[in-house]
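# Architecture and fold: a report
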Protein chains: 2
Amino acid sequence: MAEIAVLGFGVVGSGVVEVLDKNSGMIAKNAGQGVRVKYILDVRDFPDSPYKDLIIKDFETILNDSNISVVAEVIGGVGVALDFTRRSLEAGKNVVTSNKELVATHGFELLRLAREKGVNYLFEASVGGGIPVIRPLAQCMAANIVTEIYGILNGTTNYILSEMAKNGADFSDALLDAQRKGYAEADPTADIEGYDACRKICILSSLAFGRHVYPQQVRTEGISGVATEDMRFAAELGYKIKLLGRSRAIGGKVAAYVAPHLVGEDSLLAGVEGVMNGVVIRGNAVGNVVFCGAGAGKMPTASAVVADIIDSVKHLYARKWISWDDGSDDLAVDPAQLESAWYVRTPATREKVAREFGEVVFAGKTDDATAFKTNVMSGKIIGELLSRGIPALSLFRVLGDY
Amino acid sequence: MAEIAVLGFGVVGSGVVEVLDKNSGMIAKNAGQGVRVKYILDVRDFPDSPYKDLIIKDFETILNDSNISVVAEVIGGVGVALDFTRRSLEAGKNVVTSNKELVATHGFELLRLAREKGVNYLFEASVGGGIPVIRPLAQCMAANIVTEIYGILNGTTNYILSEMAKNGADFSDALLDAQRKGYAEADPTADIEGYDACRKICILSSLAFGRHVYPQQVRTEGISGVATEDMRFAAELGYKIKLLGRSRAIGGKVAAYVAPHLVGEDSLLAGVEGVMNGVVIRGNAVGNVVFCGAGAGKMPTASAVVADIIDSVKHLYARKWISWDDGSDDLAVDPAQLESAWYVRTPATREKVAREFGEVVFAGKTDDATAFKTNVMSGKIIGELLSRGIPALSLFRVLGDY
């Protein structure tokens, strides 16, 4: 019987305890032995919880209990979560987590520490919630040189965009609706400004390309600039608008960014609606593989954390080899050099647009704006063309065959 | 440096050797050491191949070489492939394979032998080609009780159905086209009659539900009965027609079958077109996760075989725990008891249909047939209703929320 500790009894933490309980037979079979939660660390009391007897307030108890081989950190953030993770690893305990902010900002350091101590630091739940992405990328794609990763990495923004497209809702109404349904937090900044997607593309990039890509190296644009008429214009052109994190290896460096994109209506990502996530990984042997599913939520995220617990229990004495090297200031290159077609909404006249851009596909027209899709060009080039008197109310890339 | 042998130098075998060569640096990093092909076993000569010096004809050479720790069996079939696999495992060598027929018919026996000998028998490439499915199912979904698996498991039939839907081609023309393009073999029986999909759903079912499901326990219907007008009627109803393998756990038993289905135009599987594959796995914690990508082809399949080689090299002394128990004659239950809506094409009049079925959705009408979608009912019930003078020219399930 393996004994574990769960740090944090919030949404994900309680899900972890429930999954371990509910699926205990299956989990024991897969782990090779039973898995028992011995401690739940939280500052709060939970007098009505069936697990109230497991709750403790002193982290030292866990640290000093040599029977605890695996610690599940589901506190979130980079405060005590960082401290507890470091100390757990230093004490020779495996750590598993759903904490994308911590992995995106301190992944290199923590993975190095885990390696030094001969234990695992696993984080399947940090990207794509319950969708298996990290492990397939590290293992199944191990024979491939990964050239590009992109995807819908945030369910909150995808829900809002889906609602805007479906019902013609404007951004603020769709956000309110998402908050009412519990898909968006009271302070939705991290989701709608793209910070959450940014952390996830950092983790995927670091794993795929072997060096730590930090959040400040990823140009990040959220969805608050997506207007209802952009949805309509995009549909006229045969596209949906999705917030994508994207990362591409270019000559030993990495171009990574987060921004709204137009994706073809017939593409698989266009079918990823509501709070679902979808990740595309491109390998030089396998081509594109796509993973889709619930990108957040209590039970999906918990199921990924528990999969890491099972893997840690199975590999107590055989460390997994997930790791990457440190990054550097010059690792990131400007994504503006990446070429694509572009979607532009502008108050400029069609005549003016045609004069500067040559051949474009016009989408439609309202009283005060027109929209069009350009030929393929870099961010630098389109910036120059727009600077000639074509102010862009919206400017999004069109996802295509890069 | 790990030394391996490749059995069979056909399409997949040559791809395996090429991937190991092309991505050798990445592979050495992921495997913890370099991987070198020491022998390629084939009865043929390849005087023009850059690898001609590695080719041998005597399997005993491999068997007796104690430096060979991993054998990649990419011969296919259940003849010498079975014999070589057994003897390799008995000699304490890890075996990896893309051979779905062998795993579907002898998986239990070979996995048991591997366990007895303390080595791995891995088969990621046997389902979904290069798409990671087997390992995510075994590892990432380890915290879930899997309740159902279904998917587009054969690229040849999906290409044919896609062409029929897109171009209004009839089945035999689409098959000829697929053969010309190399997507279908000269004898296409195993693909179009569903046998290939059957083997894959056997492997997925065995892994997910823990007991070996054999091909003869899976009711298998191919696509030769799908008519061009079924495509048109399905589109009128808002569906595409896809050949699905499906398997569901029911009270300790398994209902598995292969048959054409109507899938909603907005669903992710409907977006899986051409030679692509898509697999949906439903877990009790995570919900549905979907994996899509190239389901066949030289390099995608080879990349999955090589991923297993890497995993074997990393785990030479720590066996992976992929296994299942033996099946039994009473493991399979009749899929007719599963409920769904149904699509029927019939020469019976609409009046007659309405009289027997009550409320249905009619799709359209040609001179000699009409088509409709029923309410949700079991296969038994619809069989009874149809027996009252409504002959079915086509009878397909409609994929929905089961």
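A brief structural summary. (Residues numbered from 1 in each chain as written. Chains lettered and ligands numbered in written order. Predicted model: local features only at pLDDT ≥ 70, side-chain atom pairs only at ≥ 80, totals over all residues. Heavy atoms only, no water.)

### A closer look at the overall build of chain A
Within chain A, the regular secondary structure consists of 14 helices and 17 strands. Taken over C-alpha atoms, the radius of gyration comes to 23 Å for chain A, in line with the 21 Å a tight globule of 402 residues would show. Counting only C-alpha atoms and orienting by the principal axes, one finds that chain A spans roughly 75 × 45 × 35 Å. The long-range fraction of contacts in chain A, counting pairs at least 24 apart against all pairs at least 6 apart in sequence, stands at 74%. Carbon and sulfur atoms make up 50% of the accessible area of chain A, which totals about 14,800 Å². (Helix = DSSP H or I, 4+ residues; strand = E, 2+ residues; numbered from the N terminus. Rg over C-alpha atoms; globule rule 2.2 N^0.38 Å. Contact = heavy atoms within 4.5 Å. Areas by Shrake-Rupley, 256 points an atom, 1.4 Å probe, with all protein chains shown as cover.)

### Thoughts on the relation of the copies chain A and chain B
When chain A is fitted to chain B, the residual RMSD is 0.0 Å, and the transformation amounts to a turn of 180° plus an axial shift of 0.0 Å. The relationship between the two copies is best expressed as a two-fold rotation axis. When C-alpha positions in chain A are compared against the rotation axis, the closest is assigned to F291(A), at 2.4 Å. With an isologous cut-off of 70% or more, the 100% of interface residues of chain A that recur at the interface of chain B puts this contact in the isologous class. (Least-squares fit on C-alpha atoms with pLDDT ≥ 70 in both.)

### Things to note about the pattern of salt bridges
All names here are of chain A. On inspection of all chains with the given rule, the structure shows 56 salt bridges over all chains. One salt bridge connects R345 with D230, and the closest N-O pair in it is separated by 2.7 Å. With R345 in strand β13 (residues 339–346) and D230 in helix α11 (residues 228–237), this pair connects stretches of sequence that are 115 residues apart. Just as R345 is buried, D230 falls in that class too. By sharing partners, the salt bridges in this structure join E3, R36, K38 and D65 into a single network. (Salt bridge = Lys/Arg side-chain N within 4 Å of Asp/Glu carboxyl O. Buried < 20%, exposed > 50% of the residue type's maximum accessible area, 1.4 Å probe, protein only.)

### Here we look at the sheet that holds strand β6 (residues 121–122) of chain A
All names here are of chain A. Spatially, six strands are ordered β3-β2-β1-β4-β5-β6 in an open sheet, and the strand pairing comes out parallel. Strands with a single pairing partner mark the edges of an open sheet, and in this sheet they are β3 (55–56) and β6. Examined bridge by bridge, strand β5 (residues 94–97) and β6 share two bridges and lie parallel to one another. Across the sheet, V96 pairs through a bridge with L122, a residue of β6. Along the sheet, helix α1 (residues 11–22) makes contact with β1 (2–7) and β2 (35–41), crossing β1 at roughly 155°. (Pairing = 2+ DSSP bridges. Axes fitted to C-alpha atoms, helices over the stretch in contact; angles between N-to-C directions.)

### Examining the interface of chain A and chain B
With 46 residues of chain A at the interface, the matching set in chain B holds 46 residues. Put simply, chain A and chain B have zero salt bridges between them. For the side of chain A that touches chain B, the secondary-structure elements that each account for two or more residues are α1, α2 (24–31), α6 (134–140), β12 (287–294) and α12 (298–314) of chain A. The leading source of residues in the side of chain A that touches chain B is α12(A), at eight residues. Here the residues of the side of chain A that touches chain B are counted per class, giving 28 nonpolar, 12 polar and six charged. The sheet contact formed by β12(A) and strand β12 (residues 287–294) of chain B spans five bridges and is antiparallel. Across the sheet, the residue bridging to C292(A) is V290(B), located in β12(B). (Nonpolar A, V, L, I, M, F, W, Y, C, P; charged D, E, K, R; others polar.)

### Some points on the nonpolar core
Core analysis: the largest hydrophobic core is formed by 239 residues, its most contacted members being I309(A) and I309(B). When near neighbours in sequence (up to four residues on either side) are disregarded, I309(B) contacts I4(B), V16(B), L20(B), V35(B), V70(B), A72(B) and V96(B). By size, the runner-up hydrophobic cluster in this structure holds 24 residues, among which are L268(A), C292(A), V272(B) and V280(B). (Core = buried A, V, L, I, M, F, W, Y, C linked by side-chain atoms within 4.5 Å.)

### Considering the packing of α1(A) against α12(A)
All names here are of chain A. Here α1 crosses α12 at 65°, and the two axes come no closer than 8 Å. When you trace α1 past α12, the crossing you get is right-handed. Contact residues: α1 offers V11, V12, S14, G15, V16, E18, V19, L20 and K22, while α12 offers K298, M299, T301, A302, V305, V306 and I309. Looking at the contact of α1 with α12 residue by residue, the class counts come to 10 nonpolar, three polar and three charged. (Left-handed = near helix turned anticlockwise from the far one by under 90°.)

### Considerations on helix α1 (residues 11–22) of chain B
All names here are of chain B. Taking 1.5 Å of rise per residue, 12 residues should cover 16 Å, and α1 covers 16 Å from first to last C-alpha, within 8% of that figure. Of the positions making up α1, those classed as buried are V12, G13, S14, G15, V16, V17, V19 and L20. Structurally, α1 contributes buried residues whose contacts are with β1 (2–7), α2 (24–31), β2 (35–41) and α12 (298–314). (Expected span 1.5 Å × (residues − 1).)

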